[in-house]
Amino acid sequence: MIQPLRLGVLLAAIATSAAGAVAPSAAGAPSRFGHIAFIDHVRVSGGDVRSLAVTRSGMRHWLALGQEYYSLAPGASKATRRVLHVDKSFEGSTPELAEIVPSVDGRRIDVVSANCSSMQVFQVGQNRRMPPEITPSQNVASSSCNGPNLTSVISAVGLAHNRVAVVVADDPSGTSYGRPALYIGRPGQQFRHVTLPNTGDGQYFAFATITRDPHDGALYVAAISGRDLRIWYARTSHRPFRELPSSDAHFSLRYLESIAASHGAVWLSFSGARNHRGITLLHRSPAGHWSHLMTIPHSTRQLAYVLVAAGPKRSKQPRFWEANTVVRRSNGLLANEGVDLRRLTSQIGRVHHYTQRRRDRLEGLAVGWHGQHVVGHQVY
C-alpha cells in the first residue's frame, strides 16, 4: 500500500545507506533509530512495521527497511528477523523488499522485491520464516535504470490461481513519469504488463494502489490525477480494465493512503489535504454510488495516517476496518497520541481507542482469516 514518505523513514533510510546492513536487535528493544515497534500489543524487534500481512494460520509477517523480513507466530512474544539473501550477480543495485501480501487462500505469503532494473516476486510458506535467496533467474519484469524503472513498486495483491498483481508508479514501457502500470503473473515466471486505460502522456498520477474483492475476485486500482480520483475496474484479472465513474469530490494535495473492497463495496482513505479539515474516507456502494468525503472525528489533516482493510476471504457480510493515527494539538504543537480503530459499514463506526501512547503512530493494518484485525504501530 502506498504511504507518504515520513521523516523517520527518510532518516532511517539515510542512516542505513551510510552504515550498511542493520544489525539484529533483541526482541522488544528499540531500533538504532529509537523506534519501538508493536504488532497489536506485542512489542517486537526492529523499529518499523511496513506492508503487514496475515496468513490463514494467524502468522504475522511484515517488512522493515531495506532487506529485513519479520515473522511473529500466534501467541508468541518474540519475532523472528531474517535478512534477505541476494545473489552477488545482480547488476546495478541490490534488490530491496518492497511489498508483502497474503495469497488468496492464506496459505502462502507473496513477497515483492525490486531494484532499478528488475522486479522479483517469490513466495514463503505461511509458517515459514525464511525468504529464499534472490537470484536474477527469479526476475519477473525488467526495465532500464536510465528511465522509468521498477524501483517504485507501490502496491500489490494476491490473486487466484497462485498469481500476484503489482502496481508500479512509473510505467517502464513508456516515457511518461508518474504513469502507473500493472504487472500480473505467477511468482518466478515472467509477468504480463497491463497498461491502464486513459493514462496517456501529459498526465501525472500519484499514490496509485490496488485491491481485490475477495467475494467476487474483482480488481480495483485507484490513483489521483490532478484534482480527480481515478478508479479502474476489472471483473477478474483475466478481463480488461475499464475506468469507472468517480466521485465528484476534489482531491488536489490529498494523499491516497489505501483502498479496500468487499461484496462490491469500496472504501478509500485519504490524508494531507490542505483544503479539507481532517483525514477523510470515501465509500462507494455496490450500486456505484459515491458518498461525500467523510472526515474522521477529531482528526487533523497534518501528520496523520489512515488505513482501511477488508476481510481476506469470502463471507456473507463485508468486514471493513479503519485505523488512523491520533494527532492532537497541545500548547500550539501537534503530537501523535495513539491509534484509533473503527468498524466500517456504509458509515464510520464507533471509535475504539486502540492505543493512547504519546508519540505512537500507525504503520500497518490487516484483517485476519477469522475476522480479527491486526495493527502494526511504532512509538518514536
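Residues numbered from 1 in each chain as written. Predicted model: local features only at pLDDT ≥ 70, side-chain atom pairs only at ≥ 80, totals over all residues. Heavy atoms only, no water.

Whenever I open this one, the sheet that holds strand 7 (residues 96-102) confuses me. Can you help?
Each strand in a sheet pairs with its neighbour through backbone hydrogen bonds, running either in the same direction (parallel) or in the opposite one (antiparallel). The sheet built from 4 strands is open, its strands ordered 7-8-9-10 with antiparallel pairing. Each having just a single partner strand, strand 7 and strand 10 (139-142) make up the two edges of the open sheet. Mean inter-strand twist for the sheet, computed between neighbouring axes without regard to direction, equals 25°. (Pairing = 2+ DSSP bridges. Helix = DSSP H or I, 4+ residues; strand = E, 2+ residues; numbered from the N terminus. Axes fitted to C-alpha atoms, helices over the stretch in contact; angles between N-to-C directions.)

Looking at this structure, I do not really get the packing of aromatic side chains. What am I missing?
What the rule picks out here adds up to 5 aromatic pairs. Relative to Tyr233, the ring of Tyr220 has its centre 5.3 Å away and its plane inclined at 55°; by these criteria the two rings are tilted. Taken together, the residues span a long stretch of sequence, with Tyr220 in strand 16 (residues 219-225) and Tyr233 in strand 17 (residues 228-234) at a distance of 13 residues. Pair check on accessibility: Tyr220 and Tyr233 agree, each one buried. When the ring of Phe251 is compared with that of Phe270, the centres are 5.0 Å apart and the planes differ by 40°; the resulting orientation is tilted. Here the residue Phe251 occupies a position in the loop between strand 18 (242-244) and strand 19 (255-262), and Phe270 occupies one in strand 20 (residues 265-271), the gap between them amounting to 19 residues. There is no split in this pair, since Phe251 and Phe270 are both buried. (Phe/Tyr/Trp six-rings, centres within 6.5 Å; stacked < 30°, edge-to-face > 60°. Buried < 20%, exposed > 50% of the residue type's maximum accessible area, 1.4 Å probe, protein only.)

Hey, could you run me through the sheet that holds strand 13 (residues 181-185) in this one?
Taken together, 4 strands build an open sheet; the order of strands is 11-12-13-14 and the sheet is antiparallel. Of all strands in the sheet, those bounded by a partner on one side alone are strand 11 (153-159) and strand 14 (192-195). Adjacent strand axes in the sheet meet at a mean angle of 20° when their direction is disregarded. Relative to strand 12 (residues 163-168), strand 11 is paired through 6 bridges, and the arrangement is antiparallel. Each bridged residue has a counterpart across the sheet, and for Gly158 the counterpart in strand 12 is Val164.

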